[in-house]
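If you want the building blocks of each chain, they are given just below.
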Amino acid sequence: MRKKLAIIAILLVSIGYVHAQTALLKVKVTDENNLNLPGAVVKITNAKIAATTDVTGTALLYKVPVGKQDVEVTYIGYTTITQSVDLKAATVELNISLKSGVSVLKGIVVLGDRLKGQAKALNQQKNSGNLVNIISADQIGRFPDANIGDAIKRIAGVTMQNDQGEARDIIIRGMAPQLNSVTLNGDRIPSAEGDNRRVQMDLIPADMVQTVEVSKTLTPDMDADAIGGSVNLVTRTAPNKLRVNGMISYGNNPIRDGVIGNLSLVAGGRMLKNVLGLVATVALNNNQYGSDNVEAVWAQTAAGVAYVSEHDVRRYDVRRMRRSFNLSGDIKINKNNTINFSTIYNWRDDWENRYRLRITGITPQTDGTFRGEIRRQTKGGIGGSRVQNTRLEEQIVKKNSINGTHVIERTIKIDWSTSFAQASEIRPNERYLDYNATNQLISLDLADPTRPNAIPTTRVNANAFGFRRFTEQFGETAEKDWNTKLNIKIPVELFKDKKTVVKFGGRYNTKEKNRLNDFYRYALNTQSTPLYNATGQRMAGIPVTNQTIGNYQVGSKYVLDSFPNANFVGSINLNQPGQFTVTRRFEEFLALNYNAKEKITAGYVSISQEITKKLSVIFGARIEKTEVDYTGNNVLNSTTLKGDTTLKNDYTNILPSINFKYDLNNSTVLRAAITTALARPGYYELVPYRNINTADKTIFVGNASLNPTTSTNFDVMAEKYFKSVGIVSGGIFYKKLKSFIYTYTTNTYNSANYQSEFKPAIGDNPIPVGENWIYRQSRNGESVDVYGLEVAYQRQLDFLPGFWKGFGVYANYTYTKSSADGIYNSAGVKRDGLALPGTAPHMFNASLSFENKKFIARLSGNFTAAYIDEVGSTSFEDRFYDKQFFLDFNTSYTLSPKFRIFLEVTNITNQPLRYYTGIAERTAQIEFYRSRWNGGVKFDIF
């Protein structure tokens, strides 16, 4: 004990001695417009002390000798400045303003707004301790991207999976969405979807974000659940003076001649003698559009000939409205203590009607013909209120947080945060009304399997369609996320004249997710119901709408014909006494409902060590303990609830990492890293549910014994930065994944399998002897090897003469190859040569821009190659996400320093969403959205 007290006394004396001789220098770096410059390098020229500015443009330099010091600030795209300061043994604040401009031949070219945005991103990227790609709000605003997902897909190594024509789920370096993470200001965002952890990127408008950071290697202070990478969305911080800017625009969706309306406003500044900073952002987006869709289920005859067993022709009419609000601020208590707070609210409504012509149960006949059942279904919702005779899907994500930054004894930096976030999805009074005509002679047109078609051999009129079913369902998903973290950062001197920073801390995170669905089916009870008519239970007598359109995007050969009118579907009073017999259909929802609770406790230690003037390293380890408590339902024979099943489990992961950075010269950076990461199973994958559907002869089973996927990652990257604001980079990476998760499917599951797996009581086995059923379950594979390379080039072509100086190039390419081991087919035989599901092999972004003092134009392309999305029971049933190429154009013209008009055209190529089965020729789904245009004015009043 005496030895410990003596050591503490010596440390205290040492700290007091150091403090008597040194100061803490707090440098704020801004541009000529008083806007923060993150990523600036701030040096004490004669003391070998340096730091990099954060998102607020602030750098902390510890243990600076007292007296006169020269402070040098360098920033790509800006002139270097050196300023003298007289330091005393205290905390000293210094403001430095840089002027934009790069040397071109014998002159200085002042940067335009677009290049200023690129400069902010590249400076942060260059001076980061790990491998990261960054885009700023200025860059985001230069692309025609409404939501943040569409903006992120411009980054090297990133692509998106689309939904209803907008980017939704993120893929990083070919890694599927479930292998990546998305955070908001460093904290995980809860998911509004019911069965996974994915964050819906189409929920967040691009205007709400100041910076996007895509980390491809992790450091110990970062959450470990990011095998592909981690996307951090940084909201806006308070400007240094009053600033008001925004945008208003109008556009059109030709596919439904629908209106696009956008409005955004950002206002902020500092007040109370700079003690309080506030910034508020409001964004509204109203989008009326739709899609034309054809889907097919492929099967094989006994002779092995492929045919379509089910075929859909669909039309969607959609209205999407996004409303987002963010208020952030900071309270500067004194030079050493700052409190920050933020609230963000994102609310998206989708109102949708769908008209679906389905021919199902298509069966080959002995005479070579086909027969099947024809169904015409309208999807909508209750009339009135917010539902408006449509299927309403309301998604909300909101987060409130508070954090503090404190400097103690001018050497120890402590930051902490606590936040509460919620996500929800509500689908009220969702209605489906369909009619059918059974045992119809069907003609299959498979001459072009990329456009398969199934039609009745003779036209079936409306009077032949009898009432099949009327249903109403309710869906509700909610997730709550509490997050608390603490970081302590201490500069020490382990080696003489070598900078060392020790950082340690922890995080405590609790999650709770619930899904509560319900489903009712209504049978016709008396002839007084509005579904009866003069011809009985027939579609001919009810209000119908003809959904055949002349410019159906999939092809003119697809004819939809008549469907129940959506307003009529919404007007039916299901509570009218005696008119309906209602049945609660347990098989439709019981197995889907669950409750999930998780606790994640994490701690880490990280050391940033300067080895030489050029070489530095960040190394350490993170430990994460995960505790889960899941409850699911056990449903037997479709309708019998046998009770619930509970899973309680915990596991611990130790995750070391090391990141090297070598500054070859002032413009060239070499990086290498060995890191570890994990990906937890999706919520619903872990739920211990069992759903046995006797009608469809399928069994869906949860897997409570799933292990998280773990990965060891190796990265090497070289980056060359241009003074004229640009970069050329290239590197390779390798990932070794263990216990990856895939969906096991077999169509030969029988009574003996059920007996062996579940050991049911006598009489509880629902599978008749001699029948084969479909069985699906998420399972762990063994391992995956992932190899890849990544190259990028971004530069203004200022070395060209005259007019050609205005051109700029932005391009990047990522190649990924994976080989998965441990996937089994329907017969229980291991399959070879399969790639990891969700791994895109080729990704390419390119844009060509032109800019002068007033005019900017950009043509942008985005390509992703086809990849396997879901493993089937055999290679014939494997499902692939097809290649896609998007081409977009945007231009703007500056009317004055405060106003700029713009025009955007997206999806010029009319790129469809397409899946195929087994081989590229067999379309499983193809959905078109057409191009869209949008134009308006952007303003920056202050």
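Below is a summary of the structure that appears in this document. Since the structure is predicted, the reported quantities are computational estimates derived from the model, not experimental observations.

## Observations regarding the pairing of strand β26 (residues 466–492)
Here is step 1 of the chain: Examined bridge by bridge, strand β24 (residues 412–445) and β26 share 22 bridges and lie antiparallel to one another. Across the sheet, residue Tyr435 finds its bridge partner in β26, namely Phe467.

## Observations concerning unusual backbone geometry
A negative phi holds for most residues other than glycine; trans holds for most peptide bonds.
Here is step 1 of the chain: A positive phi angle, near 50°, is found at Ser385, a position not held by glycine.
Here is step 2 of the chain: Topologically, Ser385 is positioned in the loop between β22 (370–381) and β23 (391–408).
Here is step 3 of the chain: For Ser385, a relative accessible area of 62% translates into the label exposed.
Here is step 4 of the chain: The backbone of Asp561 shows a phi angle near 75°, a positive value even though the residue is not glycine.
Here is step 5 of the chain: Given the relative accessible area of 12%, Asp561 is considered buried.

## Some remarks on the environment of Val554
Here is step 1 of the chain: Within the secondary structure, Val554 is located in the loop between β29 (544–546) and β30 (562–564).
Here is step 2 of the chain: Look at Val554 and you get buried, because its relative accessible area is 7%.
Here is step 3 of the chain: Between the alpha carbons of Val554 and Gly861 there is a distance of 23 Å; along the sequence they are 307 residues apart.
Here is step 4 of the chain: Not counting chain neighbours up to four residues away, the residues in contact with Val554 comprise Asp292, Asn293, Val294, Arg451, Ile926 and Phe928.

## Notes on the pattern of salt bridges
Here is step 1 of the chain: The full count for this structure, using the stated rule, is 55 salt bridges.
Here is step 2 of the chain: Between Glu719 and Arg671 there is a salt bridge, with its nearest N and O atoms 3.1 Å apart. With a gap of 48 residues between them, Glu719 in strand β38 (residues 709–722) and Arg671 in strand β35 (residues 668–679) connect regions that are remote in the sequence. Each member of the pair, Glu719 as well as Arg671, carries the same accessibility label: buried.

## Focus: the sheet that holds strand β1 (residues 22–30)
Here is step 1 of the chain: An order of β4-β1-β7 is seen for the three strands of this open sheet, with the pairing classed as mixed. The outermost strands of the open sheet, each flanked by one partner alone, are β4 (58–65) and β7 (91–97). Direction aside, neighbouring strands of the sheet carry axes that sit 25° apart on average.
Here is step 2 of the chain: Relative to β7, β1 runs parallel, the two being bridged by seven bridges. The partner of Val27 across the bridge, within β7, is Leu94.

Criteria and cut-off values
Residue numbering note: each chain is counted from 1, following its sequence as written. Whole-chain, interface and lining totals are the exception, using all residues; otherwise, since this is a predicted model, local features are given only for residues with pLDDT of at least 70 and side-chain atom pairs are given and counted only at 80 or more. Note: side-chain values were computed over all heavy atoms of the structure, leaving out hydrogens and water. A pair of strands is treated as paired once DSSP finds two or more bridges between them. Only DSSP runs of H or I with at least four residues qualify as helices, and only runs of E with at least two residues qualify as strands; both kinds are numbered from the N terminus onward. To sort residues, take the accessible area from a 1.4 Å probe on protein chains only and compare it with the maximum for the residue type: under 20% means buried, over 50% means exposed, and anything in between is partly exposed. Any two residues having at least one pair of non-hydrogen atoms within 4.5 Å are treated as being in contact. The rule for a salt bridge is simple: a side-chain nitrogen of Lys or Arg has to be within 4 Å of a carboxyl oxygen of Asp or Glu. An axis is simply a line fitted to the C-alpha atoms; with a helix, the fit covers only the stretch in contact. Between two such axes, the angle follows the N-to-C directions and lies from 0 to 180 degrees.

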